Amino acid sequence: MRIIMLVDMDYFFAACEELRKPEIKGKPVIVGADPKGGNGRGVVSTCNYVARRYGIRSGMPISMAYRLKKDAVFLPVDDKYYEKISNEIMRILRGFAGRFEQVSIDEAFMDVSEKVDNFDKAVDYAREVKEAIMKGTGLKCSIGISENKLLAKMACEAAKPDGIKVLKREDVQKFIEPMPVDRLYGVGKKTAQKLKEMGYETVGELSKAGLMELVSKFGVYGKEIYDYARGIDESEVVENNEIKSIGRERTFDADTDNIEEMKSMLETMANEIKEEIDTKGLQFKTVTIKIRKPDFTEFMKSRSLSHYSNSDKEMLDEAFKLLADNIGTKEKVRKIGLRVSGLASYRGQRKLAEYM
Ligand code: TTP
Ligand code: MG
(Lines give C-alpha, C1' and ligand atoms only; values in the text may rest on other atoms or scores of the structure.)
(Ligands and ions follow the chains in the order given, each with its own letter.)
Protein backbone atom coordinates (compact mmCIF):
# COMPACT_ATOMS: atom_id res chain seq x y z
CA MET A 1 0.00 0.00 0.00
CA ARG A 2 1.17 3.51 -0.78
CA ILE A 3 1.22 6.34 1.76
CA ILE A 4 0.40 9.65 0.12
CA MET A 5 0.27 13.08 1.73
CA LEU A 6 -1.27 16.26 0.44
CA VAL A 7 0.04 19.42 2.04
CA ASP A 8 -2.01 22.58 1.52
CA MET A 9 -1.19 25.93 3.09
CA ASP A 10 -3.89 27.60 5.17
CA TYR A 11 -5.45 30.77 3.65
CA PHE A 12 -2.19 31.14 1.78
CA PHE A 13 -2.14 34.66 0.26
CA ALA A 14 -3.74 36.19 3.35
CA ALA A 15 -1.35 34.29 5.62
CA CYS A 16 1.60 35.65 3.62
CA GLU A 17 0.22 39.15 4.14
CA GLU A 18 -0.17 38.60 7.89
CA LEU A 19 3.44 37.52 7.95
CA ARG A 20 4.75 40.85 6.74
CA LYS A 21 2.06 42.95 8.44
CA PRO A 22 1.72 41.46 11.92
CA GLU A 23 -0.60 44.33 12.91
CA ILE A 24 -3.42 42.91 10.74
CA LYS A 25 -3.42 39.53 12.49
CA GLY A 26 -6.74 38.84 14.20
CA LYS A 27 -8.59 41.18 11.82
CA PRO A 28 -10.55 39.97 8.80
CA VAL A 29 -8.05 40.07 5.90
CA ILE A 30 -9.20 39.87 2.29
CA VAL A 31 -6.76 39.58 -0.62
CA GLY A 32 -8.11 40.31 -4.07
CA ALA A 33 -9.41 43.05 -6.33
CA ASP A 34 -9.77 46.63 -5.11
CA PRO A 35 -13.24 46.96 -3.49
CA LYS A 36 -13.44 50.67 -4.46
CA GLY A 37 -15.94 51.47 -1.75
CA GLY A 38 -18.26 48.68 -2.90
CA ASN A 39 -18.12 49.49 -6.62
CA GLY A 40 -15.02 47.45 -7.37
CA ARG A 41 -15.07 44.72 -9.99
CA GLY A 42 -13.18 41.46 -9.72
CA VAL A 43 -13.14 38.84 -7.00
CA VAL A 44 -11.75 37.74 -3.68
CA SER A 45 -8.60 35.63 -4.20
CA THR A 46 -8.65 34.42 -0.64
CA CYS A 47 -9.25 35.61 2.89
CA ASN A 48 -8.17 34.59 6.36
CA TYR A 49 -10.37 32.52 8.66
CA VAL A 50 -11.55 35.60 10.57
CA ALA A 51 -13.05 36.93 7.31
CA ARG A 52 -14.55 33.51 6.55
CA ARG A 53 -16.68 33.88 9.69
CA TYR A 54 -18.50 36.67 7.85
CA GLY A 55 -19.26 34.33 4.94
CA ILE A 56 -16.49 35.67 2.72
CA ARG A 57 -14.96 33.14 0.31
CA SER A 58 -12.48 32.78 -2.57
CA GLY A 59 -14.06 33.64 -5.91
CA MET A 60 -16.79 35.84 -4.42
CA PRO A 61 -17.25 39.28 -6.08
CA ILE A 62 -15.18 41.77 -4.11
CA SER A 63 -18.21 44.09 -3.94
CA MET A 64 -20.10 41.39 -2.06
CA ALA A 65 -17.19 40.86 0.34
CA TYR A 66 -17.23 44.61 0.93
CA ARG A 67 -20.93 44.51 1.77
CA LEU A 68 -20.34 41.64 4.21
CA LYS A 69 -17.47 43.34 6.04
CA LYS A 70 -16.73 46.94 5.06
CA ASP A 71 -14.01 47.47 7.64
CA ALA A 72 -12.04 44.35 6.74
CA VAL A 73 -8.42 44.77 5.66
CA PHE A 74 -8.49 44.66 1.84
CA LEU A 75 -5.16 44.00 0.12
CA PRO A 76 -4.13 43.57 -3.53
CA VAL A 77 -2.65 40.32 -4.88
CA ASP A 78 1.16 40.31 -4.83
CA ASP A 79 2.00 37.16 -6.83
CA LYS A 80 5.74 37.73 -6.75
CA TYR A 81 5.89 37.81 -2.98
CA TYR A 82 3.69 34.71 -2.56
CA GLU A 83 5.74 32.85 -5.13
CA LYS A 84 8.95 33.51 -3.23
CA ILE A 85 7.41 32.02 -0.10
CA SER A 86 5.92 29.18 -2.14
CA ASN A 87 9.35 28.30 -3.52
CA GLU A 88 10.73 28.08 0.01
CA ILE A 89 7.81 25.86 1.11
CA MET A 90 8.29 23.54 -1.85
CA ARG A 91 12.01 23.34 -1.17
CA ILE A 92 11.30 22.25 2.42
CA LEU A 93 8.66 19.73 1.35
CA ARG A 94 10.91 18.17 -1.28
CA GLY A 95 13.30 17.27 1.50
CA PHE A 96 10.61 15.18 3.17
CA ALA A 97 9.19 13.46 0.11
CA GLY A 98 10.08 10.40 -1.83
CA ARG A 99 8.20 11.41 -4.92
CA PHE A 100 7.00 15.00 -4.99
CA GLU A 101 4.40 16.79 -7.11
CA GLN A 102 3.54 20.45 -6.77
CA VAL A 103 -0.09 21.01 -7.81
CA SER A 104 -0.54 24.69 -7.20
CA ILE A 105 1.17 27.63 -5.59
CA ASP A 106 0.40 26.37 -2.09
CA GLU A 107 -0.21 22.66 -2.48
CA ALA A 108 1.84 19.53 -3.12
CA PHE A 109 1.52 15.76 -3.05
CA MET A 110 4.22 13.66 -1.45
CA ASP A 111 4.58 9.93 -1.77
CA VAL A 112 6.19 8.97 1.54
CA SER A 113 5.80 5.19 1.22
CA GLU A 114 9.55 4.80 1.42
CA LYS A 115 9.89 7.08 4.43
CA VAL A 116 7.26 5.56 6.75
CA ASP A 117 5.62 2.14 6.72
CA ASN A 118 2.31 2.79 8.43
CA PHE A 119 -0.25 5.53 8.99
CA ASP A 120 0.69 6.11 12.65
CA LYS A 121 4.26 6.88 11.66
CA ALA A 122 2.93 8.98 8.80
CA VAL A 123 1.12 11.19 11.31
CA ASP A 124 4.36 11.77 13.24
CA TYR A 125 6.07 12.50 9.95
CA ALA A 126 3.35 14.97 9.00
CA ARG A 127 3.88 16.74 12.33
CA GLU A 128 7.55 17.10 11.48
CA VAL A 129 6.62 18.50 8.09
CA LYS A 130 4.30 21.07 9.68
CA GLU A 131 7.00 22.09 12.16
CA ALA A 132 9.59 22.46 9.42
CA ILE A 133 7.31 24.71 7.38
CA MET A 134 6.46 26.76 10.46
CA LYS A 135 10.12 27.11 11.33
CA GLY A 136 11.16 27.92 7.76
CA THR A 137 8.37 30.32 6.85
CA GLY A 138 6.19 31.05 9.89
CA LEU A 139 3.13 29.65 8.11
CA LYS A 140 0.56 26.99 8.94
CA CYS A 141 -0.63 24.22 6.69
CA SER A 142 -2.93 21.22 6.75
CA ILE A 143 -2.02 17.69 5.75
CA GLY A 144 -4.20 14.86 4.48
CA ILE A 145 -2.82 11.33 4.56
CA SER A 146 -4.23 8.32 2.74
CA GLU A 147 -3.46 5.54 0.30
CA ASN A 148 -3.91 7.63 -2.84
CA LYS A 149 -4.00 11.20 -4.13
CA LEU A 150 -7.78 11.48 -4.30
CA LEU A 151 -8.26 10.46 -0.67
CA ALA A 152 -5.26 12.43 0.62
CA LYS A 153 -6.70 15.56 -0.96
CA MET A 154 -10.12 14.98 0.53
CA ALA A 155 -8.63 14.18 3.94
CA CYS A 156 -6.73 17.47 3.78
CA GLU A 157 -9.94 19.41 3.20
CA ALA A 158 -11.27 17.83 6.37
CA ALA A 159 -8.06 18.60 8.27
CA LYS A 160 -8.30 22.37 7.66
CA PRO A 161 -7.20 24.57 9.27
CA ASP A 162 -3.87 23.67 10.86
CA GLY A 163 -4.64 19.96 11.11
CA ILE A 164 -3.61 16.47 10.12
CA LYS A 165 -6.14 13.86 9.03
CA VAL A 166 -5.61 10.24 8.13
CA LEU A 167 -8.17 8.49 5.98
CA LYS A 168 -7.91 4.72 6.20
CA ARG A 169 -9.49 2.33 3.71
CA GLU A 170 -12.04 1.08 6.26
CA ASP A 171 -13.29 4.64 6.83
CA VAL A 172 -13.43 5.70 3.21
CA GLN A 173 -17.02 4.78 2.47
CA LYS A 174 -18.64 6.56 5.35
CA PHE A 175 -16.37 9.55 4.75
CA ILE A 176 -17.06 10.08 1.06
CA GLU A 177 -20.58 8.76 0.52
CA PRO A 178 -22.45 11.75 1.97
CA MET A 179 -20.35 14.27 0.02
CA PRO A 180 -21.77 16.10 -2.98
CA VAL A 181 -20.14 14.84 -6.20
CA ASP A 182 -18.30 18.12 -6.78
CA ARG A 183 -16.22 17.48 -3.67
CA LEU A 184 -14.52 14.58 -5.44
CA TYR A 185 -11.03 15.75 -6.35
CA GLY A 186 -10.72 15.73 -10.12
CA VAL A 187 -14.43 16.24 -10.76
CA GLY A 188 -14.81 19.77 -12.05
CA LYS A 189 -17.88 21.99 -12.03
CA LYS A 190 -19.06 20.97 -15.51
CA THR A 191 -18.79 17.26 -14.79
CA ALA A 192 -20.51 17.72 -11.44
CA GLN A 193 -23.37 19.53 -13.18
CA LYS A 194 -23.76 16.69 -15.69
CA LEU A 195 -23.69 14.12 -12.91
CA LYS A 196 -26.40 15.99 -11.07
CA GLU A 197 -28.51 16.05 -14.23
CA MET A 198 -28.05 12.27 -14.42
CA GLY A 199 -29.46 12.09 -10.90
CA TYR A 200 -26.26 11.65 -8.94
CA GLU A 201 -26.01 14.29 -6.22
CA THR A 202 -23.83 12.52 -3.69
CA VAL A 203 -20.80 10.30 -4.00
CA GLY A 204 -22.82 7.47 -2.47
CA GLU A 205 -25.43 7.78 -5.23
CA LEU A 206 -22.69 8.03 -7.83
CA SER A 207 -21.16 4.77 -6.60
CA LYS A 208 -24.37 3.05 -7.76
CA ALA A 209 -23.90 4.26 -11.35
CA GLY A 210 -22.91 1.62 -13.86
CA LEU A 211 -19.49 1.73 -15.45
CA MET A 212 -20.99 1.58 -18.96
CA GLU A 213 -23.34 4.46 -18.24
CA LEU A 214 -20.45 6.67 -17.12
CA VAL A 215 -18.18 5.63 -19.96
CA SER A 216 -20.83 6.25 -22.57
CA LYS A 217 -21.36 9.73 -21.13
CA PHE A 218 -17.77 10.77 -20.36
CA GLY A 219 -15.55 8.47 -22.45
CA VAL A 220 -12.41 7.12 -20.76
CA TYR A 221 -12.84 9.73 -18.05
CA GLY A 222 -16.01 7.85 -17.06
CA LYS A 223 -13.85 5.03 -15.75
CA GLU A 224 -12.02 7.48 -13.51
CA ILE A 225 -15.27 8.86 -12.14
CA TYR A 226 -16.43 5.31 -11.50
CA ASP A 227 -13.25 4.67 -9.52
CA TYR A 228 -13.31 8.01 -7.68
CA ALA A 229 -16.77 7.24 -6.35
CA ARG A 230 -15.19 4.18 -4.69
CA GLY A 231 -12.19 6.10 -3.40
CA ILE A 232 -9.94 4.44 -5.97
CA ASP A 233 -7.18 6.44 -7.64
CA GLU A 234 -4.14 4.67 -9.08
CA SER A 235 -2.44 7.82 -10.38
CA GLU A 236 1.14 8.29 -9.28
CA VAL A 237 2.74 11.25 -7.60
CA VAL A 238 4.85 12.58 -10.46
CA GLU A 239 7.59 15.12 -10.26
CA ASN A 240 6.95 18.10 -12.52
CA ASN A 241 10.45 17.72 -13.73
CA GLU A 242 11.67 21.09 -14.82
CA ILE A 243 15.34 20.46 -14.41
CA LYS A 244 17.29 20.41 -17.63
CA SER A 245 14.76 22.49 -19.40
CA ILE A 246 14.48 26.05 -20.66
CA GLY A 247 11.30 28.00 -20.33
CA ARG A 248 9.44 31.23 -19.79
CA GLU A 249 6.26 32.14 -17.96
CA ARG A 250 4.06 35.22 -18.14
CA THR A 251 1.04 36.42 -16.23
CA PHE A 252 -1.64 38.19 -18.28
CA ASP A 253 -2.54 41.72 -17.22
CA ALA A 254 -6.08 40.46 -16.76
CA ASP A 255 -7.28 36.84 -16.81
CA THR A 256 -8.09 35.99 -20.43
CA ASP A 257 -10.04 33.45 -22.48
CA ASN A 258 -8.76 34.93 -25.74
CA ILE A 259 -6.87 32.18 -27.59
CA GLU A 260 -5.17 34.69 -29.91
CA GLU A 261 -3.77 36.54 -26.92
CA MET A 262 -2.45 33.26 -25.50
CA LYS A 263 -0.89 32.35 -28.84
CA SER A 264 0.82 35.68 -29.17
CA MET A 265 2.22 35.30 -25.64
CA LEU A 266 3.50 31.82 -26.59
CA GLU A 267 5.10 33.27 -29.70
CA THR A 268 6.99 35.88 -27.72
CA MET A 269 8.22 33.22 -25.33
CA ALA A 270 9.17 30.86 -28.19
CA ASN A 271 11.35 33.61 -29.67
CA GLU A 272 13.12 34.12 -26.37
CA ILE A 273 13.61 30.39 -25.83
CA LYS A 274 14.93 30.00 -29.37
CA GLU A 275 17.51 32.67 -28.67
CA GLU A 276 18.58 30.98 -25.47
CA ILE A 277 18.92 27.49 -26.93
CA ASP A 278 20.87 28.87 -29.89
CA THR A 279 23.26 30.69 -27.58
CA LYS A 280 23.77 27.52 -25.57
CA GLY A 281 23.96 25.29 -28.64
CA LEU A 282 21.02 23.14 -27.60
CA GLN A 283 18.26 21.18 -29.29
CA PHE A 284 15.04 19.99 -27.71
CA LYS A 285 12.76 17.03 -28.06
CA THR A 286 9.84 17.87 -25.76
CA VAL A 287 7.60 20.92 -25.61
CA THR A 288 5.53 21.66 -22.50
CA ILE A 289 2.94 24.28 -21.83
CA LYS A 290 1.97 25.23 -18.32
CA ILE A 291 -1.32 26.89 -17.57
CA ARG A 292 -2.31 28.60 -14.36
CA LYS A 293 -6.04 29.19 -13.97
CA PRO A 294 -7.55 32.15 -12.10
CA ASP A 295 -8.05 29.90 -9.07
CA PHE A 296 -4.29 29.23 -9.05
CA THR A 297 -4.56 25.59 -9.99
CA GLU A 298 -1.98 24.64 -12.57
CA PHE A 299 -1.41 21.96 -15.11
CA MET A 300 1.28 21.08 -17.57
CA LYS A 301 0.92 19.23 -20.86
CA SER A 302 3.73 17.97 -23.04
CA ARG A 303 4.31 16.66 -26.54
CA SER A 304 7.49 15.02 -27.72
CA LEU A 305 8.88 15.15 -31.21
CA SER A 306 10.32 12.04 -32.80
CA HIS A 307 13.58 13.95 -33.37
CA TYR A 308 15.69 16.70 -31.82
CA SER A 309 14.92 20.15 -33.09
CA ASN A 310 16.07 23.73 -32.65
CA SER A 311 13.23 25.20 -34.67
CA ASP A 312 11.05 27.82 -33.02
CA LYS A 313 8.36 27.04 -35.57
CA GLU A 314 8.21 23.41 -34.47
CA MET A 315 8.23 24.53 -30.84
CA LEU A 316 5.27 26.80 -31.47
CA ASP A 317 3.33 24.25 -33.57
CA GLU A 318 3.48 21.81 -30.69
CA ALA A 319 2.56 24.50 -28.17
CA PHE A 320 -0.48 25.56 -30.23
CA LYS A 321 -1.66 21.94 -30.49
CA LEU A 322 -1.33 21.56 -26.73
CA LEU A 323 -3.28 24.75 -26.20
CA ALA A 324 -6.06 23.69 -28.58
CA ASP A 325 -6.31 20.28 -26.92
CA ASN A 326 -6.38 21.52 -23.36
CA ILE A 327 -8.09 24.88 -23.19
CA GLY A 328 -11.81 25.24 -23.82
CA THR A 329 -13.21 28.28 -25.60
CA LYS A 330 -14.55 30.11 -22.55
CA GLU A 331 -11.83 28.98 -20.20
CA LYS A 332 -9.97 31.76 -18.42
CA VAL A 333 -6.23 31.66 -18.00
CA ARG A 334 -4.15 33.70 -15.60
CA LYS A 335 -0.64 32.72 -16.52
CA ILE A 336 0.94 30.75 -19.30
CA GLY A 337 4.31 29.08 -19.62
CA LEU A 338 6.29 27.48 -22.42
CA ARG A 339 9.19 25.13 -21.86
CA VAL A 340 11.41 22.84 -23.86
CA SER A 341 13.15 19.82 -22.39
CA GLY A 342 14.84 16.61 -23.47
CA LEU A 343 17.75 18.85 -24.31
CA ALA A 344 20.90 17.83 -26.09
CA SER A 345 23.84 19.83 -27.29
CA TYR A 346 24.39 19.76 -31.05
CA ARG A 347 27.67 17.99 -30.97
CA GLY A 348 27.46 15.70 -27.97
CA GLN A 349 24.08 14.26 -28.78
CA ARG A 350 23.96 14.29 -32.53
CA LYS A 351 24.80 10.63 -32.85
CA LEU A 352 22.19 9.63 -30.36
CA ALA A 353 19.61 11.80 -32.11
CA GLU A 354 20.26 10.08 -35.39
CA TYR A 355 19.33 6.74 -33.92
CA MET A 356 16.04 7.93 -32.43
P1 TTP B 1 -6.45 27.45 -1.72
O2 TTP B 1 -5.45 26.51 -1.14
O3 TTP B 1 -7.63 26.88 -2.41
O4 TTP B 1 -7.01 28.42 -0.61
P5 TTP B 1 -6.30 29.08 0.66
O6 TTP B 1 -4.91 28.58 0.83
O7 TTP B 1 -6.41 30.55 0.55
O8 TTP B 1 -7.22 28.63 1.86
P9 TTP B 1 -7.35 27.18 2.49
O10 TTP B 1 -6.92 27.34 3.91
O11 TTP B 1 -8.79 26.84 2.35
O12 TTP B 1 -6.45 26.28 1.71
O13 TTP B 1 -5.73 28.41 -2.74
C14 TTP B 1 -4.38 28.85 -2.59
C15 TTP B 1 -4.24 30.29 -3.03
O16 TTP B 1 -4.66 30.41 -4.38
C17 TTP B 1 -5.09 31.24 -2.24
O18 TTP B 1 -4.45 31.68 -1.06
C19 TTP B 1 -5.34 32.33 -3.22
C20 TTP B 1 -5.32 31.67 -4.57
N21 TTP B 1 -6.72 31.48 -5.04
C22 TTP B 1 -7.29 32.45 -5.86
O23 TTP B 1 -6.63 33.43 -6.20
N24 TTP B 1 -8.59 32.28 -6.28
C25 TTP B 1 -9.36 31.22 -5.92
O26 TTP B 1 -10.55 31.12 -6.31
C27 TTP B 1 -8.76 30.22 -5.07
C28 TTP B 1 -9.58 29.03 -4.63
C29 TTP B 1 -7.45 30.39 -4.67
MG1 MG C 1 -4.45 26.50 0.68
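Described in the following lines is the structure provided in the data block. (Residues numbered from 1 in each chain as written. Chains lettered and ligands numbered in written order. Predicted model: local features only at pLDDT ≥ 70, side-chain atom pairs only at ≥ 80, totals over all residues. Heavy atoms only, no water.)

**Considerations on helix α12 (residues 259–280)**
Right, so step 1: Relative to the 32 Å expected for 22 residues at 1.5 Å per residue, α12 spans 31 Å between its end C-alpha atoms, a close match to the ideal helical length.
Right, so step 2: Buried residues belonging to α12 abut β9 (245–256), β10 (282–292), α13 (312–326) and β12 (333–341).
Right, so step 3: Of the residues that open α12, the one with a side-chain oxygen 2.9 Å from the backbone nitrogen of Glu 260 is Asn 258.
Right, so step 4: Phi turns positive, to about 70°, at Gly 281, one or two residues after α12. (Helix = DSSP H or I, 4+ residues; strand = E, 2+ residues; numbered from the N terminus. Expected span 1.5 Å × (residues − 1). Contact = heavy atoms within 4.5 Å. Polar contact = N/O pair within 3.5 Å; in protein donor to acceptor, adjacent residues only side chain to side chain.)

**Thoughts on the site of ligand 1**
Right, so step 1: In the vicinity of ligand 1 there are 16 residues, among which Tyr 11, Phe 12, Thr 46, Tyr 49 and Arg 52 approach most closely.
Right, so step 2: In the model, an oxygen atom of ligand 1 is placed 2.5 Å from a nitrogen or oxygen of the Thr 46 side chain.
Right, so step 3: Within the side chain of Asp 106, an N or O atom sits 2.9 Å from an oxygen atom of ligand 1.
Right, so step 4: Surface burial for ligand 1 is 82%, taken as the share of its 550 Å² of free accessible area covered by protein chains.
Right, so step 5: Those elements that place two or more of their residues in the shell around ligand 1 are β1 (4–9), α1 (12–20), β3 (44–47) and α2 (49–52).
Right, so step 6: Class assignment for the residues of the shell around ligand 1 results in seven nonpolar, three polar and six charged. (Near = heavy atom within 4 Å. Areas by Shrake-Rupley, 256 points an atom, 1.4 Å probe, with all protein chains shown as cover. Nonpolar A, V, L, I, M, F, W, Y, C, P; charged D, E, K, R; others polar.)

**Some words on the coordination of the magnesium ion (ligand 2)**
Right, so step 1: Taken together, Asp 8 (OD), Met 9 (O) and Asp 106 (OD) make up the protein donors of the magnesium ion (ligand 2), found 2.0 to 2.2 Å from the metal.
Right, so step 2: One can describe the donor arrangement at the magnesium ion (ligand 2) as octahedral, given that its six donor atoms subtend angles of 82 to 177° at the metal.
Right, so step 3: Residue Asp 106 is classed as buried on the basis of its relative accessible area, which comes to 12%. (Donors = N, O, S within 2.8 Å, 3.2 Å for Na, K, Ca; no water. Tetrahedral: all angles 85-135°; square planar, octahedral: opposite > 155°, others 65-115°. Buried < 20%, exposed > 50% of the residue type's maximum accessible area, 1.4 Å probe, protein only.)

**Describing a nonpolar patch on the surface**
Right, so step 1: A grouping of Tyr 54, Met 64 and Leu 68 is seen on the molecular surface, where their side chains present a nonpolar patch of about 250 Å² in accessible area.
Right, so step 2: With respect to the helices and strands, Leu 68 occurs in helix α3 (residues 62–68). (Patch = residues over 30% accessible without salt bridge, like charges linked within 9 Å, V, L, I, M, F, W, Y side chains within 5 Å. Salt bridge = Lys/Arg side-chain N within 4 Å of Asp/Glu carboxyl O.)

**Digging into the sheet that holds strand β6 (residues 107–111)**
Right, so step 1: The five strands are arranged β5-β6-β1-β7-β8 in an open sheet whose pairing can be described as mixed. The open sheet is flanked by β5 (99–104) and β8 (164–166), the only strands paired with a single partner. Ignoring which end each strand starts from, the neighbouring axes of this sheet average 15° apart.
Right, so step 2: Across three bridges, the pairing between strand β7 (residues 141–146) and β8 is parallel. In the sheet register, Gly 144 faces β8, and the bridge partner there is Lys 165. (Pairing = 2+ DSSP bridges. Axes fitted to C-alpha atoms, helices over the stretch in contact; angles between N-to-C directions.)

**Some words on unusual backbone geometry**
Right, so step 1: Here the amide bond leading from Lys 160 into Pro 161 is cis, since omega sits at -10°, within 30 degrees of zero.
Right, so step 2: Its location among the elements puts Pro 161 in the loop between α6 (149–159) and β8.
Right, so step 3: We note that Asp 162 has phi near 55°; this positive angle belongs to a residue other than glycine.
Right, so step 4: Structurally, Asp 162 is set in the loop between α6 and β8.
Right, so step 5: On the accessibility criterion, Asp 162 (37% relative accessible area) is partly exposed.

**What to know about the packing of aromatic side chains**
Right, so step 1: For the structure on display, the rule yields nine aromatic pairs.
Right, so step 2: Between Phe 13 and Tyr 82 the ring centres are 4.2 Å apart and the planes differ by 20°, which places this aromatic pair in the stacked class. Of the two residues, Phe 13 is situated in helix α1 and Tyr 82 in helix α4 (residues 79–96); the sequence distance between them amounts to 69 residues.
Right, so step 3: Seen from their ring centres, Tyr 66 and Phe 74 are 5.9 Å apart, and the 40° between their planes marks the pair as tilted.
Right, so step 4: Taking the relative accessible area as the measure of exposure, Tyr 66 reaches 18% and is therefore buried.
Right, so step 5: Grouped by ring-pair contacts, the aromatic residues Phe 12, Phe 13, Tyr 81, Tyr 82 and Phe 296 constitute a single cluster.
Right, so step 6: One cation-aromatic arrangement involves Arg 20 over Tyr 81; the distance from NZ or CZ to the ring centre is 3.8 Å.
Right, so step 7: One residue, Lys 263, lies across the ring of Phe 320, its end atom 5.0 Å from the ring centre. (Phe/Tyr/Trp six-rings, centres within 6.5 Å; stacked < 30°, edge-to-face > 60°. Lys NZ or Arg CZ within 6 Å of the ring centre and 35° of its normal.)

**Concerning the pattern of salt bridges**
Right, so step 1: Under the definition given, this model contains 36 salt bridges.
Right, so step 2: Here Asp 78 and Arg 20 are joined by a salt bridge, their closest N and O atoms 3.0 Å apart. A residue pair is termed long-range when its members are at least 10 positions apart, and Asp 78 in the loop between β4 (73–75) and α4 and Arg 20 in helix α1 qualify at 58 residues.
Right, so step 3: Using a relative accessible area of 38% as the deciding quantity, one classes Arg 20 as partly exposed.
Right, so step 4: When the shortest N-O distance is used, the salt bridge between Arg 99 and Glu 236 registers 3.9 Å. On the criterion of sequence distance, the pair formed by Arg 99 in strand β5 and Glu 236 in the loop between α11 (220–228) and β9 is long-range, its members being 137 residues apart.
Right, so step 5: Exposure remark for Arg 99: the relative accessible area of 44% places this residue in the partly exposed category.
Right, so step 6: Its relative accessible area of 38% is what places Glu 236 among the partly exposed residues.
Right, so step 7: One network of salt bridges, with partners in common, ties together Glu 83, Glu 249, Lys 290, Arg 292, Glu 298 and Lys 335.

**With respect to the environment of Lys 332**
Right, so step 1: In this structure, Lys 332 sits in the loop between α13 and β12.
Right, so step 2: What makes Lys 332 partly exposed here is its relative accessible area of 38%.
Right, so step 3: A C-alpha to C-alpha distance of 22 Å links Lys 332 and Tyr 221, two positions 111 residues apart in sequence.
Right, so step 4: The residues contacting Lys 332, other than those within four sequence positions of it, are Asp 255, Thr 256, Asp 257, Lys 293 and Pro 294.

As far as function goes, none of this settles anything; it's purely spatial.
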